[in-house]
Amino acid sequence: MTTVPTTLDPWREKGIPLDKQFRSWRERVKAPYNKRDVDAYTRARVILMNGVENECWNYSHHFARCTDNPAIKGLLAQTRMVEQQQQTTINWLNPPDQTVLETTIAYEQVAVDLTAYLARNEPDAYVREAFNFGLLEDFDHLYRYSELLDYLEGKDPDSILQGKTEIIPGRPTADHHNDPEVMLRKHYEKNRALPLSKLHTLTLLSAEQQTYLFYKEHGFEYGSRLARELYAEIGEVEEHHVSFYESLLDPSETYLERQVMHELMEVYNYFHCYAQETDPRIKQIWEEFLGMELTHLHLWGEMLKQYQGVDPRELFGDTMAVDFKFTENKEYVRRVLERQRDLRLIAYGWAPKDRLPKDWPSYRYQQIVNAGGIPSEEVVMRQLQQRRPAERPGDELLDRARQVAVKVDADTTAAAVAGDGAATPATQEVK
Amino acid sequence: MQLPVLLDKLSEFLMVEQGGLELYRVVASRCTDPALTQRYEAFGQETAIHRQVLVNLIQRLGGDPNYVSPTARLAQVKAAGLLQGDLVVDGLSQQELEANDLENVLLAETKDHADWHLLQQLAQQVDDPTVKQALQEVVDQVEDEEDTHLSWARDTLSQLALKLVTQGPAPAPERWQQVLTGPVPPIEQIHPAPIEQGLLEPARLSPWQETPVVRALRSG
Ligand SMILES: [Fe+2]
Ligand SMILES: [Fe+2]
Ligand SMILES: [Fe+2]
Ligand SMILES: [Fe+2]
Ligand SMILES: [Fe+2]
Ligand SMILES: [Fe+2]
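All of the points below concern the structure found in this document. This is a predicted model, so every value here is computed, not measured.

Regarding the overall build of chain B
The secondary structure content of chain B amounts to six helices and zero strands. Against the globule reference of 17 Å for 220 residues, chain B gives a C-alpha radius of gyration of 24 Å, more extended than a compact globule. The dimensions of chain B, computed from C-alpha atoms along their principal axes, are 80 × 40 × 35 Å. Expressed as a percentage of its 220 residues, the buried residues of chain B come to 37%. Taken as a whole, chain B presents about 12,600 Å² of accessible surface, with 56% of it coming from carbon and sulfur. Taking the 16 positively charged and 32 negatively charged side chains of chain B as two groups, their mean positions are separated by 4 Å.

Rendered as structure tokens:
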């Protein structure tokens, strides 16, 4: 791969003029990737950037509903139309023969490797621990959906994951169901937080929101009761994740400030997509869209200066280092799993599950939602009962995961939270 | 005299009284000092009368009290902005919250006072005798009360602030210099098993930068 600089001055870099950004239907809709030979991380970039564009579209609408300034409304309408066209191009890269469940596996792969890398890169320890917490949940979703893929479609999840992301039970999905208020975190302080922390948070928020939308928009497409219920269950966890990550944003950021942040987030993400992409055809798309976003950024930066007297460089810095890449994070995920699998959320903090207060609000919530059966457990139990001999290449992966799942289940009292160094997490057995 | 301009202004002033009424309603409901609460309620009642006085004046001058001028809409947004503050910013002590409510009363009454001062000047300068008469009557009825609203808010707020600075209470040690400069204590205090290994270069950066003001001053 050619070396690409990882630092840019986003305020000076030349972009594509706004009046050259609209595309015809023909130009907009490109041929999809081939699900059999696409690189897993190319697919991951497609999924991520679709989520980013949807967030930018969505935010632009919120902003538009709250402003009556013709110049701002006008620019919102213009840039939003571009975001929307970009979204079509990107989402339409997904091929029609990729089933909802296969795409779902890919979504959770994005969640795992995006969250893990962002956590590893995140300077603010509180934000990082929020990421680590969400990481183990999406990691577990990946396992539950993998079982569903095997059960419903008889497919090997690794045909999607390509060995880059592991399938091991994480924090059990049955335990992700928190009282809605318990999810809320403290926010960063906008004056002192690094721009990087803001970009990380907004990026992850976009991805989680996209995952939520995808599950809620497709979960009903399966006839199987179990599949419908599992999508309902995990779809709700994604709603938790959206609430969780958005609570990290400083609420005193103004609309215009946030608009600039969104454009900067797009520049950041298109930049690493462009730098990392291995498919030359898709790389061209990232390059083109990066050029569009640079212009959005400049135009909105001007608006911030004009209407709020704020120089966007002072707010977000002169240069931007783009470190992110989709890459394997297996070792890191295992470490987090070892130390944090048995952590739970308490108001604005974390606690080991055996030290939760008796009146922990999530107990009550779990009693309500888990009454009558837990789909994420049922899918595992059903698979265990089948006891099919390993026949296909991916079978031993799921077999291994099931052994861990059984172990975790039998081991509910084991304090896997490290700190005393005596953790005996199930993951140590997986080698 | 430009009657449409005057009627636009009166629509705005009417909205200011409406905003004041809403403000008094909120601050009276959450004030823990009985003396202040009593004032808020009394001023709220006077504000309701001012509202009626302006409605009558608008009608008397041939205007429509249902008309909402562009500057009235602006006044409405600004009034809501005062109450928006503590929906957006958390971390204030009860004393700070109540001082903030009083400060909002001061800001609102500053505008209210300026409105009535303007009406008083207009009453003196306008040559149309019916308009002059109408203005003079309302000013005579209201202006003294506006003087009281403003001076009371200003004096009480400074007394309150002086008392807070000299006698406290001071914010809790875990809040001081933390809510505003770094929202949380060290991670070990709130997280039983933070992750230290496997992190990459950027995670080693200081999570805090200097504020935009300090950075701007530094760069000249
Ligand atoms: Fe975009
Ligand atoms: Fe998930
Ligand atoms: Fe998630
Ligand atoms: Fe954009
Ligand atoms: Fe008044
Ligand atoms: Fe008043």
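Quick notes on the interface of chain A and chain B
Contacts between chain A and chain B engage 40 residues on the former and 30 residues on the latter. Counting each side, the surface lost to burial between chain A and chain B is near 3,100 Å², with a carbon and sulfur contribution of 61%. When the buried surface of chain A facing chain B is broken down by residue, R120, R192 and E314 of chain A rank first, second and third, together holding 21% of it. Joining chain A to chain B, the criterion identifies zero salt bridges. At the surface where chain A touches chain B, the tally comes to twelve residue pairs in polar contact (both at pLDDT 80 or more). Secondary-structure elements contributing two or more residues to the side of chain A that touches chain B are α4 (100-121), α5 (125-153), α7 (195-218), α11 (312-316), α12 (330-340) and β4 (349-352) of chain A. Residue composition of the side of chain A that touches chain B, by class: 20 nonpolar, seven polar and 13 charged.

What to know about the packing of aromatic side chains
Residues and elements named next belong to chain A. This structure, assessed with the given rule, holds 25 aromatic pairs over all chains. Judged by centre distance (6.2 Å) and plane angle (65 degrees), the ring pair of F214 and Y215 falls under edge-to-face. Relative accessible area serves as the criterion here: at 10%, F214 is assigned to the buried category. Between F244 and Y245 the ring centres are 5.1 Å apart and the planes differ by 65 degrees, which places this aromatic pair in the edge-to-face class.

Overview of the coordination of the iron ion (ligand 4)
Residue and element names in this part refer to chain A. Looking at the iron ion (ligand 4), one finds its protein donor set to be E83 (OE), E83 (OE), E263 (OE), E266 (OE), E293 (OE) and H296 (ND1), positioned 2.0 to 2.8 Å from the metal centre. Counting gaps between the donor residues of the iron ion (ligand 4) yields the pattern E-x179-E-x2-E-x26-E-x2-H. In this structure, the iron ion (ligand 4) is positioned 3.5 Å from the iron ion (ligand 1), and both are ligated by E83. Taken as a pair, E83 in helix α3 (residues 70-91) and H296 in helix α10 (residues 280-308) lie far apart in primary sequence, 213 residues in all. One exposure class covers both E83 and H296, and it is buried.

Describing the coordination of the iron ion (ligand 2)
Each donor-metal-donor angle in an ideal tetrahedron of four donors is 109.5 degrees, and each such angle in an ideal octahedron of six donors is either 90 or 180 degrees. Residue and element names in this part refer to chain A. Coordination of the iron ion (ligand 2) by the protein comes from E108 (OE), E108 (OE), D138 (OD), H141 (ND1) and E238 (OE), over a distance range of 1.9 to 2.4 Å. When the donors of the iron ion (ligand 2) are listed by position in the chain, the intervening gaps give E-x29-D-x2-H-x96-E. The iron ion (ligand 3) is placed at 3.4 Å from the iron ion (ligand 2), the two being bridged by D138. On the criterion of sequence distance, the pair formed by E108 in helix α4 and H141 in helix α5 is long-range, its members being 33 residues apart.

Section: the pairing of β4 of chain A
Residues and elements named next belong to chain A. The alternating pattern of β4 places G349 and A351 and W350 and P352 on opposite faces, both of which are buried. In this sheet, β4 lies alongside strand β3 (residues 343-346) in antiparallel orientation, the contact comprising four bridges. Paired with L345 across the bridge in β4 is W350. In this antiparallel pair of consecutive strands, β3 and β4, the connection spans two residues, and Y348 shows a positive phi of 60 degrees.

Comments concerning a nonpolar patch on the surface
Residues V213, V214 and L217 of chain B make up a contiguous nonpolar surface patch of about 300 Å² in total accessible area. The partly exposed category is assigned to V214 of chain B, whose relative accessible area is 35%.

Regarding the environment of Y143 of chain A
Residue and element names in this part refer to chain A. By the secondary structure assignment, Y143 is in helix α5. The sequence separation of Y143 and E102 amounts to 41 residues, and the corresponding C-alpha distance is 13 Å. In this structure, Y143 is in contact with I167, I168, P169, V380, L398, A401, R402 and A405, ignoring residues within four places of it in sequence.

Procedures and definitions
Residues numbered from 1 in each chain as written. Chains lettered and ligands numbered in written order. Predicted model: local features only at pLDDT ≥ 70, side-chain atom pairs only at ≥ 80, totals over all residues. Heavy atoms only, no water. Helix = DSSP H or I, 4+ residues; strand = E, 2+ residues; numbered from the N terminus. Rg over C-alpha atoms; globule rule 2.2 N^0.38 Å. Buried < 20%, exposed > 50% of the residue type's maximum accessible area, 1.4 Å probe, protein only. Areas by Shrake-Rupley, 256 points an atom, 1.4 Å probe, with all protein chains shown as cover. Lys, Arg positive; Asp, Glu negative; His and termini not counted. Charge placed at Lys NZ, Arg CZ, Asp CG, Glu CD. Contact = heavy atoms within 4.5 Å. Buried area = accessible area lost by both parts, 1.4 Å probe. Salt bridge = Lys/Arg side-chain N within 4 Å of Asp/Glu carboxyl O. Polar contact = N/O pair within 3.5 Å; in protein donor to acceptor, adjacent residues only side chain to side chain. Nonpolar A, V, L, I, M, F, W, Y, C, P; charged D, E, K, R; others polar. Phe/Tyr/Trp six-rings, centres within 6.5 Å; stacked < 30°, edge-to-face > 60°. Donors = N, O, S within 2.8 Å, 3.2 Å for Na, K, Ca; no water. Pairing = 2+ DSSP bridges. Patch = residues over 30% accessible without salt bridge, like charges linked within 9 Å, V, L, I, M, F, W, Y side chains within 5 Å.

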